[in-house]
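Residues per chain, in single letters:
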Amino acid sequence: MNADFLDITILGSGTSTGVPMLGCHCAVCRSTDPRDHRTRCSVLVRYGEYHIVIDTTTDFRQQALRAEIDHVDAVLYTHAHADHVHGIDDLRAFNMTSKKVIPIYGLPTTIQSIRRTFRYIFDGQVHSKFRPQLVPWPIGGDFSLCGLSVQPLLLHHGDGISCGFRMGSFAYVTDCNQIPESSLARLGQLELLIIDGLRHRSHPTHFSIDEACAVARRLGARHTLLTHLCHEVEHRRVNSELPEGVELAYDGQRFRLPLQQAGMPPTGSDY
Ligand SMILES: [Zn+2]
Ligand SMILES: [Zn+2]
Ligand SMILES: [Zn+2]
């Protein structure tokens, strides 16, 4: 099944605590603007009838209900931090309804860490119907998924690494404070770039808003969205101060993109 476009839904735009943050009474945590209510960071990529989820966050079940996701064909993991993985058990509902296993993809270290943390899912014991049926695929390079070419992009996330993903004219680059040149080189000609932009102040493992804007300027995507936002970021005010072409992401936001940027040759042959 092929389509000429990708549908992207922001399932969550928040940092690891979510916004509001438990126990906090700051102005953003008390905001009545729905764009200041941020579940943990994730996106849904729809391509034709296929649904690819990037990360199963702590909020995954609520995100799937809100976005009316009725099946999941694959999960891509950026890295194994709790906010990006800990909704993994809720995938089992989709196993039950679709009667299919779900492939999960991540860097070898990410898959190793998920296997270790969620040993009950992968230990091959009985009572298997009470846990997710997942097939782990450690990523070794570009791969094909649901008819799409997926380019993994190595990212620096403090002392650790995470994995960005490019599919056609879309790229998702969260949880990073530096992008190696080899990954930047694969981020040209984008319709939509979603990039980490935690807050104004600098942070040891995430891009600040200014740092993310500098990357956005260099890459020149048609639209850039900042995600993984914390409670220091008030949507209405901060969004109005961003450079042209850059916006803050918010939960539930949707985009339809041409699979390849208009006027550009397909990048598939360059992979
Ligand atoms: Zn995170
Ligand atoms: Zn707060
Ligand atoms: Zn992280």
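In what follows, the structure referred to is the one given above.
So, here's what we can say about the structure.

Conventions we followed
- Residues numbered from 1 in each chain as written.
- Chains lettered and ligands numbered in written order.
- Predicted model: local features only at pLDDT ≥ 70, side-chain atom pairs only at ≥ 80, totals over all residues.
- Heavy atoms only, no water.
- Donors = N, O, S within 2.8 Å, 3.2 Å for Na, K, Ca; no water.
- Tetrahedral: all angles 85-135°; square planar, octahedral: opposite > 155°, others 65-115°.
- Buried < 20%, exposed > 50% of the residue type's maximum accessible area, 1.4 Å probe, protein only.
- Helix = DSSP H or I, 4+ residues; strand = E, 2+ residues; numbered from the N terminus.
- Polar contact = N/O pair within 3.5 Å; in protein donor to acceptor, adjacent residues only side chain to side chain.
- Core = buried A, V, L, I, M, F, W, Y, C linked by side-chain atoms within 4.5 Å.
- Contact = heavy atoms within 4.5 Å.
- Pairing = 2+ DSSP bridges.
- Salt bridge = Lys/Arg side-chain N within 4 Å of Asp/Glu carboxyl O.

**Details of the coordination of the zinc ion (ligand 1)**
Four donors placed tetrahedrally about a metal ideally form angles of 109.5 degrees, and six donors placed octahedrally ideally form angles of 90 or 180 degrees.
Inference 1: Coordination of the zinc ion (ligand 1) by the protein comes from Asp 83 (OD), His 84 (NE2), Asp 175 (OD) and His 228 (NE2), over a distance range of 2.1 to 2.3 Å.
Inference 2: Every donor counted, the four donor atoms about the zinc ion (ligand 1) form angles of 91 to 163° at the centre, which fits irregular coordination.
Inference 3: Donor residues for the zinc ion (ligand 1) sit on one chain with the sequence pattern D-H-x90-D-x52-H.
Inference 4: A separation of 3.5 Å is found between the zinc ion (ligand 1) and the zinc ion (ligand 3), which are bridged by Asp 175. Each member of the pair, Asp 83 as well as His 84, is classed as buried.

**Remarks on the side chain of Arg 38**
Inference 1: Topologically, Arg 38 is positioned in the loop between strand E1 (5-12) and strand E2 (42-47).
Inference 2: Of the residues examined, Arg 38 reaches a relative accessible area of 2% and is grouped as buried.
Inference 3: At 3.3 Å, the side chain of Arg 38 and the side chain of Asp 36 are in polar contact.
Inference 4: A distance of 3.0 Å separates the side chain of Arg 38 from the backbone oxygen of Cys 230, its partner in a polar contact.

**Quick word on the nonpolar core**
Soluble globular proteins: nonpolar side chains tend toward being buried together.
Inference 1: With 32 residues, the main nonpolar core has Ile 8, Val 45, Leu 76, Leu 145, Met 167, Phe 170 and Ile 194 as its most contacted residues.
Inference 2: Setting aside anything within four residues of it in sequence, one finds Met 167 in contact with Leu 6, Val 45, Ile 52, Ile 54, Leu 76, Leu 148, Ser 149 and Val 150.
Inference 3: Leu 153, Ile 179, Ile 209 and Leu 219 belong to the second-largest nonpolar core, a separate cluster that totals 26 residues.

**Considering the environment of Gln 63**
Inference 1: Checked against the element boundaries, Gln 63 lands in helix H1 (residues 60-66).
Inference 2: Remark: the alpha-carbon pair of Gln 63 and Ala 249, spanning 186 residues in sequence, is separated by 15 Å.
Inference 3: Once residues within four sequence positions are removed from consideration, Gln 63 is found in contact with Leu 11, Gly 12, Thr 39, Arg 40, Ser 42 and Thr 57.
Inference 4: For Gln 63, the side chain forms a polar contact with the side chain of Thr 39, separated by 2.8 Å.

**Digging into the pairing of strand E11 (residues 192-196)**
Inference 1: Taking burial as the measure, the five residues of E11 include five buried ones, the bulk of the element.
Inference 2: Bridge count for strand E10 (residues 170-173) against E11 is four bridges, and the pairing is parallel. Within the sheet, the bridge partner assigned to Val 173 lies in E11 and is Ile 195.
Inference 3: With five bridges connecting them, E11 and strand E12 (residues 223-227) associate as parallel partners. When the bridges of E12 are listed, Ile 195 appears paired with Leu 226.

**As for the pattern of salt bridges**
Inference 1: Tallying each qualifying case throughout the model produces 15 salt bridges.
Inference 2: Ionic pairing is found between Arg 186 and Asp 142, a salt bridge with its closest N-O pair at 2.7 Å. A residue pair is termed long-range when its members are at least 10 positions apart, and Arg 186 in the loop between helix H6 (181-184) and E11 and Asp 142 in the loop between strand E6 (134-138) and strand E7 (143-145) qualify at 44 residues.
Inference 3: Residue Arg 186 is classed as partly exposed on the basis of its relative accessible area, which comes to 26%.
Inference 4: Look at the salt bridges and you will find they share partners, linking Glu 234, Arg 236, Arg 237 and Glu 241 into a network.

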